[in-house]
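Listed below are the residues making up each chain.
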Amino acid sequence: MLKLKSPLVMVFIAAICFGFPPILAKQLFSSLSPAAILFFRFLFVTVMFPFIVIAAKRSTFKELTSITKAEFRTFFALSLILLINMNLFFYSLYFIEVNKALFLFLTYPIVVLIIARIFLKEKIAFTDIIAALISLFGIFLIFWSKIELSFNANKGELMMLASIILWSIYIVINRHSGETTHHYRKTFWIFLFNFALLSPLFLFFGKPSSIAILGFQQFLLLLALAVITLVPFTLLSYTAKYVKSSISSVILLLGPVIGILLSF
């Protein structure tokens, strides 16, 4: 039986958490733009994370903030990939339904499988190939009657596909860097870089005036989004050196499945 502190169990917990952000974000779209939602999301997590980690005696402020040049490059690259991925993901929800978006997102383990094989030399088992083919066939059956070969008709789907590729790259790079970096430090700097990169986007595209009309319900939704962000990214940073990218990506499929159920 798997123990609660097992890396595999932690990946399962992260997967469950990933089912909630699309639902929370969709409820905020009437009040805030995707750029504003992401800005507040990472503002909250950047402030909250150090207090939680230090209070739990998992790390010190000095350990969190000290960073080498190699780590700076890696963390910044991860942050940039994650930032573009999340913007594409959230903006795609403007054009397609949550359940459709998440059905498409279910294909990302196929991309992870290929990228991990090329860059990490992870073996592709026969069952992996069968699972990938079944996934592709399932997506084809769901959408084949609605396929229109034009950008405007499919911009939501194309944004989601680009998001899938970037998320897959993030998982593989995170796995590659997991063996050589302090995972709490990595999580903190990814949050910090995302907040810094989102700040100009928020000022130019996020309608800063929306802060003035932010109600109590919106504040609670943003806070819930921040908490549900803290948990999975912290866990994935820790488990990256213990769980293969291909295995992690398959377990994380639980997130979109939960998201699809919640969307109903």
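The rules behind these values
Residues numbered from 1 in each chain as written. Predicted model: local features only at pLDDT ≥ 70, side-chain atom pairs only at ≥ 80, totals over all residues. Heavy atoms only, no water. Helix = DSSP H or I, 4+ residues; strand = E, 2+ residues; numbered from the N terminus. Buried < 20%, exposed > 50% of the residue type's maximum accessible area, 1.4 Å probe, protein only. Areas by Shrake-Rupley, 256 points an atom, 1.4 Å probe, with all protein chains shown as cover. 1 Å grid on protein atoms, 1.4 Å probe; cavity = no way out; pocket = protein on both sides within 12 Å on 5 of 7 lines; lining within 4 Å. Points joined across faces, edges and corners; volume = space filled by probe spheres on them. Nonpolar A, V, L, I, M, F, W, Y, C, P; charged D, E, K, R; others polar. Phe/Tyr/Trp six-rings, centres within 6.5 Å; stacked < 30°, edge-to-face > 60°. Contact = heavy atoms within 4.5 Å. Salt bridge = Lys/Arg side-chain N within 4 Å of Asp/Glu carboxyl O. Axes fitted to C-alpha atoms, helices over the stretch in contact; angles between N-to-C directions. Parallel < 35°, antiparallel > 145°, perpendicular 65-115°, else oblique. Left-handed = near helix turned anticlockwise from the far one by under 90°. Core = buried A, V, L, I, M, F, W, Y, C linked by side-chain atoms within 4.5 Å. Patch = residues over 30% accessible without salt bridge, like charges linked within 9 Å, V, L, I, M, F, W, Y side chains within 5 Å.

## Some points on the overall build of the protein
Point 1. Of regular secondary structure, the protein possesses 13 helices and zero strands.
Point 2. When its helices and strands are written in sequence order, the protein yields α-α-α-α-α-α-α-α-α-α-α-α-α.
Point 3. Taking all 264 residues of the protein together, the buried fraction comes to 49%.
Point 4. Here the protein has roughly 13500 Å² of accessible surface; of this, 73% comes from carbon and sulfur atoms.

## Some remarks on the environment of Phe 103
Point 1. Looking at where Phe 103 falls in the secondary structure, it is placed in helix 6 (residues 98-105).
Point 2. Taking C-alpha positions, Phe 103 is 7.5 Å from Ile 260, a pair spaced 157 residues apart along the chain.

## With respect to empty space enclosed by the protein
Point 1. One pass over the full model with this rule turns up two cavities of 30 Å³ or more.
Point 2. Approximately 260 Å³ is the volume found for the largest cavity.
Point 3. Lining of the largest cavity is provided by 16 residues; of these, Phe 18, Asn 85, Phe 89, Phe 105 and Trp 167 occupy positions nearest its centre.
Point 4. Those elements giving two or more residues to the lining of the largest cavity turn out to be helix 2 (21-28), helix 5 (69-92) and helix 6.
Point 5. Examining the composition of the lining of the largest cavity, we find that five residues originate from one element, helix 5, more than from any other.
Point 6. Counted by class, the lining of the largest cavity contains 14 nonpolar, one polar and one charged residues.

## Concerning the packing of aromatic side chains
Point 1. If you walk through the whole model with that rule in mind, you get 21 aromatic pairs.
Point 2. Summarising the aromatic geometry, the rings of Phe 39 and Phe 40 are spaced 5.4 Å apart at their centres and angled 75° between planes, so their arrangement reads as edge-to-face.
Point 3. Classification of Phe 39 as buried rests on a relative accessible area of 11%.
Point 4. Where Phe 76 meets Phe 193, the ring centres are 5.4 Å apart and the plane angle is 85°; that geometry is what we call edge-to-face. Here Phe 76 is found in helix 5, whereas its partner Phe 193 is found in helix 10 (residues 183-205), with 117 residues between them in sequence.

## Remarks on helix 13 (residues 254-263)
Point 1. Among the residues of helix 13, Gly 255, Pro 256, Ile 258, Gly 259 and Ile 260 are the ones counted as buried.
Point 2. Those residues of helix 13 hidden inside the fold are in contact with helix 1 (7-17), helix 2 and helix 6.

## Quick word on the pattern of salt bridges
Point 1. Evaluated as defined, the whole model comprises one salt bridge.
Point 2. In this structure, the salt-bridge partner of Arg 185 is Glu 71, at a minimum N-O distance of 2.8 Å. A residue pair is termed long-range when its members are at least 10 positions apart, and Arg 185 in helix 10 and Glu 71 in helix 5 qualify at 114 residues.
Point 3. Residue classification places Arg 185 among the buried positions, given a relative accessible area of 13%.
Point 4. On the basis of relative accessible area, Glu 71 is assigned to the buried category, the value being 8%.

## Some points on the packing of helix 3 (residues 34-55) against helix 10
Point 1. At a minimum axis separation of 8 Å, helix 3 and helix 10 run at an interaxial angle of 150°. Between helix 3 and helix 10, the angle falls in the class roughly antiparallel. Considering the relative orientation of helix 3 and helix 10, their crossing is left-handed. Here helix 3 contributes Ala 35, Ala 36, Leu 38, Phe 39, Phe 40, Phe 42, Leu 43, Val 45, Thr 46, Phe 49, Pro 50 and Val 53 to the contact with helix 10, which in turn contributes Tyr 184, Thr 187, Phe 188, Phe 191, Leu 192, Asn 194, Phe 195, Leu 198, Ser 199, Leu 201, Phe 202 and Phe 205.
Point 2. Counted by class, the contact of helix 3 with helix 10 contains 20 nonpolar, four polar and no charged residues.

## Quick notes on the side chain of Ser 79
Point 1. Tracing the chain through its elements places Ser 79 in helix 5.
Point 2. Leaving out residues up to four positions away in the same chain, Ser 79 has contacts with Trp 189, Ile 190, Phe 193 and Asn 194.

## As for the nonpolar core
Point 1. Within the largest apolar cluster, 71 residues are counted, with the highest numbers of intra-cluster contacts made by Ile 37, Phe 49, Tyr 108, Trp 167, Tyr 170 and Leu 252.
Point 2. The element that contributes the greatest number of residues to this core is helix 3, accounting for 10 residues.

## Quick look at the packing of helix 2 against helix 11 (residues 216-239)
Point 1. Taken N-terminus to C-terminus, the directions of helix 2 and helix 11 make an angle of 155°; their axes are 10 Å apart at the nearest point. It follows from the interaxial angle that helix 2 and helix 11 lie roughly antiparallel. Of the two possible hands of crossing, helix 2 and helix 11 adopt the one that is left-handed. Contacts from Pro 21, Leu 24, Gln 27 and Leu 28 of helix 2 reach helix 11 at Gln 218, Leu 221, Leu 222, Ala 224, Leu 225 and Ile 228.

## Focus: a nonpolar patch on the surface
Point 1. A cluster of nonpolar side chains, contributed by Phe 12, Ile 16, Phe 20, Leu 254, Val 257, Leu 261 and Leu 262, occupies part of the molecular surface with about 560 Å² of accessible area.
Point 2. The set of elements that each furnish at least two residues to the nonpolar patch consists of helix 1 and helix 13.
Point 3. Tracing the backbone shows Val 257 in helix 13.

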